[in-house]
Amino acid sequence: MTGINQQASTGSAWTEPKTTGVLVLADGTIIEGMGLGATGEAAGEVCFNTAMTGYQEIITDPSYAGQIITFTFPHIGNVGVNDHDIETVNMAAATGTRGIVLHAGVTSPSNYRSTRHLDAWLKARGIIGLAGADTRAMTALIRDKGMPNAMISHHPDGVFDLAALHAKAKALPSMAGLDLVPLVTGSQRYGWSESDWDWEKGAFGQQENSNFHVVAIDYGVKRNILRLLVQRGCTVTVVPPIASAEEILALKPDGVFLANGPGDPAATGEYAVPVIRELLDRKIPTFCICLGHQMLALAIGARTMKMKQGHHGANHPVMDYTTDKVEIVSMNHGFAVDAATLPANARETHKSLFDGSNCGIELTDRPAFSVQHHPEASPGPRDSHYLFDRFVAMMVNARVAA
């Protein structure tokens, strides 16, 4: 499989473009193309993302730590990048996304919000890109065989040791069993006051009112999650993933939020689950997204499992059984909760209409609920923003009952 689709011509006016980037899969498949972004090589698990917009938000989503993203939409980079569309909070952490694979070459940006070319931005962040690849074939391969480990490499001279790259790809460990949360989170507690984007002002809003105090456990939280909590009148304190239950309770939260993040939930759960169980016993209103959803499931005794191709995109249909409505959501996960293992005190609230996998639960004996998808979107539709309102309503009810 090759990513160079142009054919060499016998005429002098046409030459085949030089290969300056490669993606070498663990099974020996080699995808050639034109390198962009950082030079060198990087290792990761290859997934595909079907979103048509929001490539900068996707690349900076901490949940993609350790992965190489194949974009199915052909035109990536055409609106450039800016400082506003970054989703990772911890800019000092090691980069999450290891590389990107594109079909078309990156053109000069055309957007009034753009401040930088994607190529220059990738270089600055240390992310390797490969353009000119057959992303349809790559997507079909992942669909049929699962997400492969691979090495991505960019060298302007076009010289690659393919045998060595193949050997490194074969030696990479599976994502199963890996705790990647420490790669994308910090060790310090901090407050968050930025709210949603104001299009008229061309800037993010700031905290205007405070009705509730939410403590967010950071497993790789996205900025837009925190913004939507602030927008709904929540003072937000973000704590590191290793924070103890005692430290969290000392902050006197009205609600607890379990964030998204990368890696195998079972590995992260070794230190996260005991804390979550203690917080659940206190019956504090709890809302969880993505990895946080999986952490909640593990804390009540359910199991998680590795998915074949995962769910990555902004166009996934999900059934919400609490409203009997179908919503289109943003997703990014390679593990899922095994609904068959849910205990009697948990009921399934959301399900993927693509493959029937679990996408949400709520507890019947404690004020806690979670979803596998990303209701904050960024990128993606806003069909699920109501879940943040549901969390606020849960804190209102808890305060009334106190």
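## Re the overall build of the chain
- Within the chain, the secondary structure is distributed over ten helices and 19 strands.
- By the compact-globule yardstick of 21 Å for 402 residues, the chain fits well, its C-alpha radius of gyration being 22 Å.
- Principal-axis analysis of the C-alpha atoms gives the chain an extent of 80 × 45 × 40 Å.
- Burial status across the chain gives 56% buried among its 402 residues.
- On the chain, roughly 16,300 Å² of surface is accessible, and the fraction owed to carbon and sulfur atoms is 52%.
- Positive and negative charge centroids in the chain, built from 31 and 40 side chains respectively, lie 1 Å apart.

## Things to note about the environment of Cys290
- Note on placement: Cys290 falls in the loop between β14 (286–289) and α9 (291–299).
- If near-sequence neighbours (up to four positions away) are discounted, Cys290 is found in contact with Asn260, Asn332, His333, Val371, Gln372, His373 and His374.

## A closer look at the pattern of salt bridges
- On inspection of all chains with the given rule, the structure shows 16 salt bridges.
- Between Lys168 and Glu41 there is a salt bridge, with the nearest N and O atoms lying 2.4 Å from each other. Of this pair, Lys168 sits in helix α4 (residues 162–171) while Glu41 is found in strand β3 (residues 40–49), placing the two residues 127 residues apart along the sequence.
- Given a relative accessible area of 39%, Lys168 falls into the partly exposed group.
- For the salt bridge of Asp254 with Arg399, the shortest nitrogen-to-oxygen distance reads 3.4 Å.

What counts, and where the lines are drawn
- Residues numbered from 1 in each chain as written.
- Predicted model: local features only at pLDDT ≥ 70, side-chain atom pairs only at ≥ 80, totals over all residues.
- Heavy atoms only, no water.
- Helix = DSSP H or I, 4+ residues; strand = E, 2+ residues; numbered from the N terminus.
- Rg over C-alpha atoms; globule rule 2.2 N^0.38 Å.
- Buried < 20%, exposed > 50% of the residue type's maximum accessible area, 1.4 Å probe, protein only.
- Areas by Shrake-Rupley, 256 points an atom, 1.4 Å probe, with all protein chains shown as cover.
- Lys, Arg positive; Asp, Glu negative; His and termini not counted.
- Charge placed at Lys NZ, Arg CZ, Asp CG, Glu CD.
- Contact = heavy atoms within 4.5 Å.
- Salt bridge = Lys/Arg side-chain N within 4 Å of Asp/Glu carboxyl O.

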